[in-house]
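Coordinate inspection notes
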Amino acid sequence: MPTDKPFDPDLLDLEAHMRHIVEEIERSGDDETVGVAETPAVGERAGGSQGIEHAVRDILTEIGEDPHREGLLGTPERMHRMWLELTCGYQVDPDRLINGAVFDVGYSEMVVIKGIPFYSLCEHHMLPFFGTASVGYLPRGRVIGLSKIPRVVEMYARRLQVQERMTQQIADFLQERLNPYGVGVVIEAEHLCLAMRGVQKGGATMVTSSVLGTFRSTKETRDEFMAHLERAIPRV
Ligand SMILES: [Zn+2]
């Protein structure tokens, strides 16, 4: 049952909490979810064991900490919950995500959504990288509900990632599901594994892009997309 009450994760058991987050990504608030099957219990899909707790206690011991001191007593359980949340993109069902939100229309001008914020984890260090994603496509008679594109980004961000692959996955997903004339995705992100480790290089931004179809083959299309990204968002 939908509720507008503030969501307090600590009041729910982990499985219900995870199901809530996955459904948040799969379903936009404005969706009519018609004919959606019962969600499988997330606990059955991932993370039902105490393995993460054990591993976190081992890590704490290995770095010279005492997992039994008061401040750390709840840490393994918190990290178990947190890791499942931060990687819940693996549990998101792409069919449920776009369910009922792809429309046949005559519109054939470029659609651009820019500055979609995201948080992900680099798979090399499991440290955050975060920034914004901008997505454009040139419809071939089919469009996707605007609220869905940030959810596609979220589905791929909430996994262990490398920025290049995440960029490609978002582009491939839209190309496959919408069959547009072309797709462009640009991601700008800061990586904490660069900022926090070794020589301090905080503030450096990595930019990756993936262009498919006419975004790759036609300079005018690519230029139009890039011009949209450079334009400031108008203030209303
Ligand atoms: Zn890294």
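Before any of the text, the structure's been laid out above.
A brief look at the structure comes next.

What counts as what
Residues numbered from 1 in each chain as written. Predicted model: local features only at pLDDT ≥ 70, side-chain atom pairs only at ≥ 80, totals over all residues. Heavy atoms only, no water. Helix = DSSP H or I, 4+ residues; strand = E, 2+ residues; numbered from the N terminus. Expected span 1.5 Å × (residues − 1). Buried < 20%, exposed > 50% of the residue type's maximum accessible area, 1.4 Å probe, protein only. Arc of directions from axis to C-beta. Patch = residues over 30% accessible without salt bridge, like charges linked within 9 Å, V, L, I, M, F, W, Y side chains within 5 Å. Areas by Shrake-Rupley, 256 points an atom, 1.4 Å probe, with all protein chains shown as cover. Salt bridge = Lys/Arg side-chain N within 4 Å of Asp/Glu carboxyl O. Donors = N, O, S within 2.8 Å, 3.2 Å for Na, K, Ca; no water. Contact = heavy atoms within 4.5 Å. Pairing = 2+ DSSP bridges. Axes fitted to C-alpha atoms, helices over the stretch in contact; angles between N-to-C directions.

Another point: helix α7 (residues 163-178). The terminal C-alpha atoms of α7 lie 23 Å apart, and with 16 residues this matches the ideal 22 Å at 1.5 Å per residue to within 8%. Listed as buried for α7 are Q163, M166, T167, I170, A171, F173, L174 and L178. Angularly, the buried residues of α7 cover 155° about the axis, an arc narrow enough to put them on a single face. N179 lies just past α7 and shows a positive phi near 45°.

The grouping of F103, V105 and Y107 at the surface amounts to a nonpolar patch, some 260 Å² of accessible area in total. By the secondary structure assignment, Y107 is in the loop between β1 (102-104) and β2 (111-122). Y107 sits in the partly exposed class, given a relative accessible area of 41%.

Only C122 (SG), H125 (ND1) and C193 (SG) from the protein coordinate the zinc ion, and they sit 2.1 to 2.3 Å from it. One chain supplies every donor to the zinc ion, and in sequence these donors are spaced C-x2-H-x67-C. Owing to a relative accessible area of 4%, C122 belongs among the buried residues under this scheme.

Attention now moves to the environment of V92. Position of V92 among the secondary structure elements: in the loop between α4 (75-86) and α5 (94-98). Through-space distance from the C-alpha of V92 to that of R151 is 9.8 Å; in sequence the pair is 59 residues apart. With sequence-adjacent residues up to four places away left out, V92 is seen in contact with V22, I25, E26, L97 and M155.

Looking now at the sheet that holds strand β6 (residues 182-191). Spatially, the five strands line up as an open sheet ordered β5-β2-β3-β6-β7, and their pairing is mixed. Whereas interior strands pair on both sides, the edge strands pair on one side only; in this sheet they are β5 (160-161) and β7 (206-213). When β6 meets β7, the two strands line up antiparallel, connected through eight bridges. Residue pairing for β7: G182 is matched across the bridge by G213. Lying on the sheet, helix α6 (residues 148-157) is in contact with β2, β3 (128-138) and β5; it crosses β2 at an angle near 20°.

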